[in-house]
Structure formats: structure tokens, C-alpha cells
Amino acid sequence: MVTPRKNSKTTEGPDMTKDTERVKTLRQFPPYGSMNGNSTGDTCPTCRGTGRIPRGHEDQLVAVIPCNDVRLKPRRTKLYVCISMVVCLFLSCLILFFLFPRSVTLTPVSVLSVTVYFTPDTVEMEVTNLINITNENFVPVQIVDFTVQGLVSDAVVGKTRISNMTGIQSRSQKSYIFQIDLSIKDKGLNTYCKSSSIKIHTLFLELQ
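Structural notes, computed from the coordinates. (Residues numbered from 1 in each chain as written. Predicted model: local features only at pLDDT ≥ 70, side-chain atom pairs only at ≥ 80, totals over all residues. Heavy atoms only, no water.)

### Some thoughts on the packing of aromatic side chains
Piece 1. A full pass over the atoms with the stated rule returns four aromatic pairs.
Piece 2. Between phenylalanine 97 and phenylalanine 138, the aromatic rings sit 5.6 Å apart at their centres with planes inclined by 50 degrees, giving tilted as the arrangement. Of this pair, phenylalanine 97 sits in helix H2 (residues 77–99) while phenylalanine 138 sits in the loop between strand E4 (123–135) and strand E5 (141–152), and the two are 41 residues apart along the sequence.
Piece 3. When its relative accessible area of 30% is taken as the criterion, phenylalanine 138 is described as partly exposed.
Piece 4. Look at phenylalanine 146 and phenylalanine 178: their rings are 5.6 Å apart centre to centre, the planes differ by 70 degrees, and that puts the pair in the edge-to-face class. With phenylalanine 146 in strand E5 and phenylalanine 178 in strand E7 (residues 172–184), this residue pair connects regions lying 32 residues apart in the sequence.
Piece 5. These aromatic residues form a ring-pair network of at least three members: Phe97, Phe98 and Phe138. (Phe/Tyr/Trp six-rings, centres within 6.5 Å; stacked < 30°, edge-to-face > 60°. Helix = DSSP H or I, 4+ residues; strand = E, 2+ residues; numbered from the N terminus. Buried < 20%, exposed > 50% of the residue type's maximum accessible area, 1.4 Å probe, protein only.)

### Some details on helix H3 (residues 187–194)
Piece 1. Every buried residue of H3 is listed here: Leu189, Asn190 and Cys193. Each buried residue of H3 lies within a common arc of 105 degrees when the element is viewed along its axis, so the set occupies one face. Of the residues in H3, the exposed ones pointing more than 90 degrees away from the buried face are Lys187 and Thr191.
Piece 2. Residues of H3 that are buried sit in contact with strand E3 (104–118), E4, E5 and E7. (Arc of directions from axis to C-beta. Contact = heavy atoms within 4.5 Å.)

### Points about the pairing of E3
Piece 1. Across 13 bridges, the pairing between E3 and E4 is antiparallel. Note on E4: the bridge partner recorded for threonine 107 is asparagine 132. (Pairing = 2+ DSSP bridges.)

### Re unusual backbone geometry
Piece 1. A positive phi angle, near 65 degrees, is found at aspartate 154, a position not held by glycine.
Piece 2. With respect to the element layout, aspartate 154 can be found in the loop between E5 and strand E6 (155–168).
Piece 3. Classification of aspartate 154 by relative accessible area gives exposed; the value is 70%.
Piece 4. With phi around 50 degrees, arginine 171 is a residue other than glycine that occupies positive phi space.
Piece 5. With respect to the helices, strands and loops of the structure, arginine 171 is situated in the loop between E6 and E7.
Piece 6. Exposure remark for arginine 171: the relative accessible area of 48% places this residue in the partly exposed category.

Encoded structure:
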């Protein structure tokens, strides 16, 4: 009598399933310090050998990059350095161009009036002048001290000084009126100015 043989099925327990999943995980993510799944050191305490970083801990981790990594060798380094040098040189030239001090020019326009007084020993004159002051700078300037003297025949006959005269805006021109008192004490000039035989008396006055 022949008894049919029953097919026996092997059932896997929960422990076998966990071991199989662990082997698959280790094949995909080798443990810390291992090559080809052969562990030669301790398991990483951060990822516990899974190779994955827990969420919320990204700010606490440090990435280690090899020295031969391509990211540490940026391309066109010389080009970037040359462009930076050219830009810095251009900006320096611009700064020097705008901030380099330029002269402030005083140009005489005309003599507005002349008042003459005669004394026994001198000839007194009050001369009112109009001048233009030109500022060639790119920044405002303030004329703190202004000194002018009058000369007749190379002899100083008067001098005046004005403090805190005026302020001039950048790249602009401004007119200014000032008065200078002249006292002629030279005997020859006194005789010439007081001579009644000469109808028109002419004096060449130089301001500097």
C-alpha cells in the first residue's frame, strides 16, 4: 500500500524576516568604517550604520570632503582673479578722479565803485570789486580765510582780510563783492592825485 507523500512547507518566523531585512540594509548601506560589508570598526553613532541622517539633525553634522574633490578646484580661477583686480583698479581710479583736490579759481569781473578822500598827507580810496569764484571739485568747499592786497606801482597801498567768506557747491560758480581800503602815502603819488592841472587822474591798481 502506497501512502502519498505530503509536501511540507517551511514557514519563516518573525526573527528570520528581521535578519533578512537587516542583511539587505547592510548590503545597500554598509556599516560605518566598512568596505564591501566587512566591518572594520565601530558603527556610526549618528546613522547607526544605516547611512541615513535623522531629520532635524542636519545643523549638527559636519561634512568631510576629500582634498582631491573637484569642488575644491574651481574652474577659471585666474580669470576671476584678473577680473577682480581690474574692477578694483577701475573703482580706485574713479575714487581718485572724484576726490582728487582741484584748484578754486578767483576771476576779477569789474570794479563797481571807487570813492576817493583827500587828507593833508594821504589819499584814501575805497574800492568795491566784483569777483567770480569757481569750484572745480566734485565736493563743496568753504573759503575760510580770504586775503587780498592792492598795489600801485609795485607798492602795497592797502590790504584786507575776510574770514568765513562763503561756501561754494561742487562744480559751480559764485559771485562775491568785497571792499578794500587803500591809503596812498607816497609823496609823488599824492602830488599827482591832488594836482589840479590834470583833469583826469589815472592809477593802475593791481589786486592780488
